[in-house]
Amino acid sequence: MPNSKTIAICNQKGGVGKTTTTLNLGVALADQGKRVLLVDADPQGDLTTCLGYNADGFSVTLANKLISVVREERSNPYEGIIRHPEGVDLLPSNMDLESTENYLVTAMSRESVMKTYLSKIKHNYDYVLIDCRPSLGMLTLNALTAADSVIIPVQSQYLSAKAMTQLFQTVEKIRTHTNPELAIDGILLTIVDNRTNLAKSTVEAIRRNFGNCLRIYNAQIPIAVKAAEVASKGKSIFAYEPSSKAAVAYADFAKEVLAHDKQRTKERFRTADAR
């Protein structure tokens, strides 16, 4: 699939909905007929757990794939990828990935190891979504080097918004050194509680400060009990509570992602024709 796209779901601040967004965006894209691979790039294995699996129960995970690349081993790149009942594939992770991150520090082309691995399989998918850990360490640098673009989930609170500045600086460094084509697709506002003045003022500040230079998705993921409950159910919000406000918001978000990518593809074709 020549138009395969890899998206890193990234924010170094924890608790902003990265894993929930990766899971539900992936399932929503699959519902639209897209082939989707979810990559759990966090040693905590939260994405793996949220999809209903025991993260410690796997002998083949992302950690094995990265080590195989560093050691230049010949192995089946698809081994260990799991097919979830909701139509997405998963490359799981567990705490083995923690030691792998330390191992990468001394590896040749250390920032590009994940990119090298994904290049072997991404042609079989329309979308590869990477759930990044809440830090800007070697694993996240690998994810950003492997990605075509970044989506930034941001909780409507001051400290979450402030952390974006650091992420923007990291993206610029990645563009300079390892991935000049890396784009920021946009900012997704998550855990939004429009009943509070803090949330309203933060949302307004984000739109005022970043809206002129970055896409801020129209869809906002509301704070909701059902969205919190679903993390322990091994399924997406669509399977758990399809009529909930969170499910509607994630479906709308996925449509925005698809529309944006379709528009960008048209622009590339127009540019190519003009040449």
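In the block above lies the structure referred to throughout.
Everything numeric here is computed off the predicted structure, so don't read it as measured data.

**With respect to the overall build of the protein**
Piece 1. Scanning the protein for helices and strands turns up 11 helices and eight strands.
Piece 2. A principal-axis box enclosing the C-alpha atoms of the protein has dimensions of 55 × 50 × 35 Å.
Piece 3. Scored against the burial criterion, the 275 residues of the protein give a buried share of 53%.
Piece 4. Residue pairs in contact within the protein that sit at least 24 positions apart in sequence constitute 79% of those at least 6 positions apart.
Piece 5. Summed over all atoms, the accessible surface of the protein reaches about 12,900 Å², with 49% contributed by carbon and sulfur.
Piece 6. Computed over 33 positive and 29 negative side-chain charges, the separation of the two mean positions in the protein equals 5 Å.

**Some remarks on the pairing of strand S6 (residues 149–155)**
Piece 1. Most of S6 sits out of view: seven of its seven residues are buried.
Piece 2. Of the two faces of S6, the one carrying Ser149, Ile151, Pro153 and Gln155 and the one carrying Val150, Ile152 and Val154 are both buried.
Piece 3. As defined by bridge partners, strand S1 (residues 5–9) adjoins S6 across three bridges and the pair is classed as parallel. Its bridge partner being in S6, Ile7 is matched across the sheet by Ser149.
Piece 4. Of the strand pairs in this sheet, S6 and strand S7 (residues 183–192) are connected by seven bridges, and their pairing is parallel. Bridge pairing in S7 links Ser149 to Ala183.

**Section: the packing of aromatic side chains**
Piece 1. For the structure shown, the criterion picks out two aromatic pairs.
Piece 2. Taking 6.0 Å as the distance between ring centres and 65° as the angle between the ring planes, the aromatic pair formed by Tyr53 and Phe58 counts as edge-to-face.
Piece 3. Ring geometry for Tyr217 against Phe253: centres 4.9 Å apart, planes inclined by 80°, an arrangement best described as edge-to-face. Of the two residues, Tyr217 sits in strand S8 (residues 216–222) while Phe253 sits in helix H11 (residues 245–274), which places them 36 residues apart along the sequence.
Piece 4. Between the NZ or CZ atom of Arg35 and the centre of the ring of Tyr125, over which it lies, the distance is 5.3 Å.

**Regarding the sheet that holds S6**
Each strand in a sheet pairs with its neighbour through backbone hydrogen bonds, running either in the same direction (parallel) or in the opposite one (antiparallel).
Piece 1. Read from one edge of the open sheet, eight strands run S3-S4-S2-S5-S1-S6-S7-S8, paired in mixed fashion. Where the open sheet ends on each side, the last strands, each with one partner, are strand S3 (82–83) and S8.
Piece 2. The pairing of strand S2 (residues 36–41) with strand S5 (residues 127–132) spans six bridges and is classified as parallel. Looking across to S5, one finds that Leu38 is bridged to Leu129.
Piece 3. In the packing of helix H1 (residues 18–31) onto the sheet, contacts are made with S1, S2, S5, S6 and S7, and the angle to S5 comes to roughly 170°.

**What about the pattern of salt bridges?**
Piece 1. Per the counting criterion, the structure on display carries nine salt bridges.
Piece 2. Linking Arg83 and Asp89 is a salt bridge whose minimum nitrogen-to-oxygen distance equals 3.0 Å.
Piece 3. Owing to a relative accessible area of 7%, Asp89 belongs among the buried residues under this scheme.
Piece 4. Overlapping salt bridges bring together Lys5, Asp185 and Asp261 as one network.

**Describing the nonpolar core**
Piece 1. Ranked by internal contacts, the top residues of the largest apolar core, which has 47 residues, are Met114, Leu118, Ile130 and Ile187.
Piece 2. Here the element with the most residues in this core is helix H6 (residues 138–146); it accounts for six residues.
Piece 3. Discounting residues that sit within four places of it in the chain, Ile187 has contacts with Ile152, Val154, Met164, Phe168, Ile206, Phe210, Leu214, Arg215, Ile216 and Tyr217.
Piece 4. Ile9, Val88, Leu90 and Ala246 belong to the second-largest nonpolar core, a separate cluster that totals 34 residues.

**Points about unusual backbone geometry**
Piece 1. A positive phi angle, near 55°, is found at Glu72, a position not held by glycine.
Piece 2. Here Glu72 lies in the loop between helix H3 (62–70) and S3.

**As for the state of the cysteines**
Piece 1. If you walk through the whole model with that rule in mind, you get zero disulfides.
Piece 2. Unpaired in this structure, Cys132 has its nearest cysteine sulfur neighbour in Cys10, at a distance of 4.3 Å.

What counts as what
Residues numbered from 1 in each chain as written. Predicted model: local features only at pLDDT ≥ 70, side-chain atom pairs only at ≥ 80, totals over all residues. Heavy atoms only, no water. Helix = DSSP H or I, 4+ residues; strand = E, 2+ residues; numbered from the N terminus. Buried < 20%, exposed > 50% of the residue type's maximum accessible area, 1.4 Å probe, protein only. Contact = heavy atoms within 4.5 Å. Areas by Shrake-Rupley, 256 points an atom, 1.4 Å probe, with all protein chains shown as cover. Lys, Arg positive; Asp, Glu negative; His and termini not counted. Charge placed at Lys NZ, Arg CZ, Asp CG, Glu CD. Pairing = 2+ DSSP bridges. Phe/Tyr/Trp six-rings, centres within 6.5 Å; stacked < 30°, edge-to-face > 60°. Lys NZ or Arg CZ within 6 Å of the ring centre and 35° of its normal. Axes fitted to C-alpha atoms, helices over the stretch in contact; angles between N-to-C directions. Salt bridge = Lys/Arg side-chain N within 4 Å of Asp/Glu carboxyl O. Core = buried A, V, L, I, M, F, W, Y, C linked by side-chain atoms within 4.5 Å. Disulfide = S-S within 2.5 Å.

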